[in-house]
Amino acid sequence: MNKKVKVEPEEISQSELTYLLDSTAASDTLMVSFAVFPAQGGKSAFDFRRATSPLGVKRLFLRDPNMMWYQKGTPGIGDDVPAVADFLRKIITQEGVKRVGMIGNSGGGFSALLFGALVGVEEIHAFNPPTRLRGPDDTSAPEQLRALEAEQGKDIPYLDIREVFRKHLKPETKVYIHYSRGESRDKRHAKYLREFPNVRLVEYPFVSHHVARFFAERSMLTPLLAAAARGDAEGVNQTTRTMFWTALPWYPTGRIGWFFGKAFSKIKRTFMNGPSGR
């Protein structure tokens, strides 16, 4: 079941919807949010609801209950990536908007990059997204990638964002990749797209993968996305600078915690497996 309504968090949290369109705002801008994978045992929900609520724009929320980066589409929309892209184009035409932004965190960020390029939107903001899904070290969900490859093979065309960008990214599309300095995989994924002149890599002094959550808890995503919705590049720059300085004081303690966490994990493995590691 999918419907066009005003978004209410209580309704969404208990919903089985795979997409939700909020077109109540008298706006010619549409912000599209792709949901992150849920935690193990959790349930996929729509992301960036609270952050986009004050923007006064139309909003479209999507989630992939298959948790396969929309490579198998999503129920109620279609069975593959091209079907989801067609659905997005139809919504954009239906709503008569002139400006479209796409946002996502982690796996949702991958989807924002993928469909932002395929559809040709004005602006994309992705937080710690994977940009290449070709091996188990490329994702925090390797079991999902293995299952996808077992079903569709190794040569799936939409799992490498750099290749997608080379074919489809418009020069006028502004792409912002927000990533954590202290998370090596996120940094590697971000720098994988540095060849494109319209891709801006925004590095934050942050240790973990959860940089979007950090800024959401401090109500800093709304001004960023408001500037994106307006097409205000200077506003985006000013907000990201503020975000950088907000994260900085947390970096030293985060690095210390990371070090001791790694050390504890190593000691625990040694204790559990014995000195020989068997």
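Up top is the structure these notes are about.
Notes on the sheet that holds strand 6 (residues 174–180)
Taken together, the seven strands give an open sheet; going across it, the order is 1-3-2-4-5-6-7, and neighbouring strands pair in mixed fashion. Strand pairing shows two members of the sheet lacking a second neighbour, strand 1 (19–22) and strand 7 (199–204), which therefore form its edges. In this sheet, adjacent strand axes meet at a mean angle of 15° when their direction is disregarded. Here six bridges tie strand 6 to strand 7, and the two strands are oriented parallel to one another. Among the inter-strand pairings, Ile177 is bridged to a residue of strand 7, identified as Leu201. Against the sheet, helix 9 (residues 221–230) contacts strand 2 (29–34), strand 4 (99–105), strand 5 (123–127) and strand 6, and its axis sits at roughly 155° relative to strand 5.

Some remarks on the packing of helix 9 against helix 10 (residues 233–247)
Two elements in contact, helix 9 and helix 10, have axes separated by 8 Å at closest approach and are oriented at 160°. Between helix 9 and helix 10, the crossing angle belongs to the class labelled roughly antiparallel. Handedness of the helix 9/helix 10 crossing: left-handed. Counted together, Leu221, Pro223, Leu224, Ala227 and Ala228 of helix 9 and Gly235, Val236, Thr239, Thr240 and Met243 of helix 10 form the full contact between these two elements.

Looking at unusual backbone geometry
Residues other than glycine seldom take positive phi values, yet Met67 does so here, at roughly 55°. Exposure remark for Met67: the relative accessible area of 24% places this residue in the partly exposed category. For Asn128, which is not glycine, the phi dihedral falls at a positive 45°. Within the secondary structure, Asn128 is located in the loop between strand 5 and helix 5 (142–152). Residue classification places Asn128 among the buried positions, given a relative accessible area of 0%.

Considering the pairing of strand 4
Most of strand 4 is tucked away: seven of the seven residues are buried. Burial of strand 4 is two-sided: the residues Arg99, Gly101, Ile103 and Asn105 facing one way and the residues Val100, Met102 and Gly104 facing the other way are all buried. Across six bridges, strand 2 lies against strand 4 in parallel orientation. By the bridge assignment for strand 4, Phe34 is matched with Gly104. Here strand 4 pairs with strand 5 via five bridges, running parallel. Counterpart to Gly101 in the pairing with strand 5 is Glu123. Crossover handedness for the path strand 4 to helix 4 (residues 107–119) to strand 5: right-handed.

With respect to the packing of aromatic side chains
The way to describe two aromatic rings as a pair is by their centre distance and the angle between their planes. As enumerated under the stated definition, the model contains 11 aromatic pairs in all. Relative to Tyr70, the ring of Phe34 lies with its centre 5.7 Å away and its plane at 85°, an arrangement referred to as edge-to-face. Of the two residues, Phe34 is situated in strand 2 and Tyr70 in the loop between strand 3 (58–62) and helix 3 (81–95); the sequence distance between them amounts to 36 residues. Here the aromatic rings of Tyr70 and Phe115 are separated by 5.7 Å at their centres, their planes lie at 90°, and the arrangement is edge-to-face. Residue Tyr70 is located in the loop between strand 3 and helix 3, and its partner Phe115 is located in helix 4; the two are separated by 45 residues in the primary sequence. Looking at Tyr70, the relative accessible area reads 1%, which means it is buried. Taking the relative accessible area as the measure of exposure, Phe115 reaches 0% and is therefore buried. Following the ring pairs from residue to residue traces out a cluster consisting of Tyr204, Phe206, Phe214 and Phe215.

Notes on the environment of Arg181
By the secondary structure assignment, Arg181 is in the loop between strand 6 and helix 7 (184–191). Apart from residues no more than four positions distant in its own chain, Arg181 is found in contact with Lys187, Glu203, Tyr204, Pro205, Phe206, Phe244 and Tyr251. In terms of polar contacts, Arg181 uses its side chain to reach the side chain of Glu203, at 3.1 Å.

A word on the environment of Pro249
Assignment of secondary structure puts Pro249 in the loop between helix 10 and helix 11 (251–273). Each C-alpha atom, one on Pro249 and one on Pro205, is 8.5 Å from the other, the two residues being 44 residues apart in sequence.

Overview of helix 3
The terminal C-alpha atoms of helix 3 lie 21 Å apart, and with 15 residues this matches the ideal 21 Å at 1.5 Å per residue to within 8%. Looking at where helix 3 begins, the residue whose side-chain oxygen comes 3.0 Å from the main-chain nitrogen of Ala83 is Asp80. Following helix 3 by one or two positions, Gly96 adopts a phi angle in the positive range, close to 65°.

Cut-offs and rules
Residues numbered from 1 in each chain as written. Predicted model: local features only at pLDDT ≥ 70, side-chain atom pairs only at ≥ 80, totals over all residues. Heavy atoms only, no water. Pairing = 2+ DSSP bridges. Helix = DSSP H or I, 4+ residues; strand = E, 2+ residues; numbered from the N terminus. Axes fitted to C-alpha atoms, helices over the stretch in contact; angles between N-to-C directions. Contact = heavy atoms within 4.5 Å. Parallel < 35°, antiparallel > 145°, perpendicular 65-115°, else oblique. Left-handed = near helix turned anticlockwise from the far one by under 90°. Buried < 20%, exposed > 50% of the residue type's maximum accessible area, 1.4 Å probe, protein only. Right-handed = clockwise from strand over helix to strand, strands pointing away. Phe/Tyr/Trp six-rings, centres within 6.5 Å; stacked < 30°, edge-to-face > 60°. Polar contact = N/O pair within 3.5 Å; in protein donor to acceptor, adjacent residues only side chain to side chain. Expected span 1.5 Å × (residues − 1).

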